[in-house]
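So the chains spell out like this:
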Amino acid sequence: MNALRFEAVTGWRGGRLLFEGVGFALGSGQALRLTGPNGTGKSSLLRIAAGLLAPAAGRVVREGGVALADEHPALDRDLPLARALGFWARLDGGGEAIETAMAAIGIDGLAPVPVRMLSTGQRKRATIARVMASGAGIWLLDEPTNGLDADAIARLETVCAAHLGRGGIVVAATHQPLALPECARFEMPAPPRNASDD
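Quick caveat, the model's predicted, so the values are computed rather than measured.

Here is what the cut-offs are and how they apply
Residues numbered from 1 in each chain as written. Predicted model: local features only at pLDDT ≥ 70, side-chain atom pairs only at ≥ 80, totals over all residues. Heavy atoms only, no water. Pairing = 2+ DSSP bridges. Helix = DSSP H or I, 4+ residues; strand = E, 2+ residues; numbered from the N terminus. Axes fitted to C-alpha atoms, helices over the stretch in contact; angles between N-to-C directions. Expected span 1.5 Å × (residues − 1). Buried < 20%, exposed > 50% of the residue type's maximum accessible area, 1.4 Å probe, protein only. Arc of directions from axis to C-beta. Contact = heavy atoms within 4.5 Å. pLDDT = per-residue confidence, 0-100. Salt bridge = Lys/Arg side-chain N within 4 Å of Asp/Glu carboxyl O.

1. What to know about the sheet that holds strand 2 (residues 16-27)
What holds strands together in a sheet is hydrogen bonding between their backbones, with the strands either parallel or antiparallel. In spatial order, the strands read 2-1-4; together these three strands make up an open sheet with antiparallel pairing. Each having just a single partner strand, strand 2 and strand 4 (57-63) make up the two edges of the open sheet. Averaged over all pairs of adjacent strands, the angle between strand axes in this sheet comes to 20 degrees, irrespective of strand direction. Where strand 1 (residues 3-13) meets strand 2, eight bridges bridge the pair, whose relative direction is antiparallel.

2. Digging into helix 5 (residues 150-165)
In this model, helix 5 (16 residues) spans 22 Å end to end at C-alpha, consistent with the 22 Å of a helix rising 1.5 Å per residue. Looking at helix 5, one finds that the buried residues are Ala-152, Leu-156, Val-159, Cys-160, His-163 and Leu-164. Viewed along the axis of helix 5, the buried residues span an arc of 140 degrees, placing them on a single side of the element. Pointing more than 90 degrees away from the buried face of helix 5 are the exposed residues Ala-150, Thr-158 and Gly-165. Lining the buried residues of helix 5 we find strand 3 (31-35), helix 3 (98-105), helix 4 (120-133), strand 6 (138-142) and strand 7 (169-173). Positive backbone phi, at 95 degrees, marks Gly-167, one or two positions downstream of helix 5.

3. Overview of the environment of Thr-145
Residue placement: Thr-145 occurs in the loop between strand 6 and helix 5. Residue classification places Thr-145 among the buried positions, given a relative accessible area of 4%. Here the alpha-carbon distance between Thr-145 and Thr-40, two residues 105 residues apart in the chain, equals 19 Å. Beyond its immediate chain neighbours, meaning those up to four positions away, Thr-145 contacts Ile-153, Leu-156, Thr-174, Gln-176 and Leu-178.

4. Focus on the confidence of the model for the chain
Residues at a pLDDT of 70 or more form 93% of the chain, whose mean pLDDT is 89. Helix 2 (residues 81-92) is the least confidently modelled element of the chain, averaging 84 in pLDDT, while strand 6 averages 97, the highest of any element.

5. Re the pattern of salt bridges
Summed over the entire model, instances satisfying the criterion amount to seven salt bridges. Where Arg-5 meets Glu-7, a salt bridge forms, and the shortest distance between an N and an O atom there is 2.7 Å. Taking the relative accessible area as the measure of exposure, Arg-5 reaches 29% and is therefore partly exposed. Given a relative accessible area of 27%, Glu-7 falls into the partly exposed group. Linking Asp-78 and Arg-116 is a salt bridge whose minimum nitrogen-to-oxygen distance equals 3.4 Å. Here Asp-78 is found in the loop between strand 5 (66-69) and helix 2, whereas its partner Arg-116 is found in the loop between helix 3 and helix 4, with 38 residues between them in sequence. Taking the relative accessible area as the measure of exposure, Arg-116 reaches 41% and is therefore partly exposed. Here the salt bridges do not stand alone but share partners, grouping Arg-125, Asp-149, Asp-151 and Arg-155 into one network.

Shown next, in the form of structure tokens:
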């Protein structure tokens, strides 16, 4: 059973109030698409959901492991891709086999290539493969379609649908359309006016 719940959560970052009173609840097999202009706190909300940033107020409840895919692949640049992904799979306790994840997202042919040699789109696919191989029930995806072509987006939608079908949760912050089953949409509110702005 996986669950992610925000209860009246307030987010601050860099001394600036981004959002307040945010609440939602997701259970197994459910997805949420975060939308809204840049600067409304989508990435910060995902970092709070991952436990990397503490909420200024409110409570976050997580049931199940969490894996975050953002603009940082978190892979050793000097290692061949398969070895770099294998490091994280071992650390996380492994879910899907690395080979399975790489094939599903279309980068199995890049296994021997050093991470530093990958293009932007290939690094994004590698980050998604790392999340897939983590075994986490809750996937947090920050702009997952950036740098991806139509084939890669279709693969991403397929792997997300499979994850949801197994009872996982997907939260995706994206400006681009992303077809996910059982997906609700949450529009980030405009940032509240800070006292320092007066």
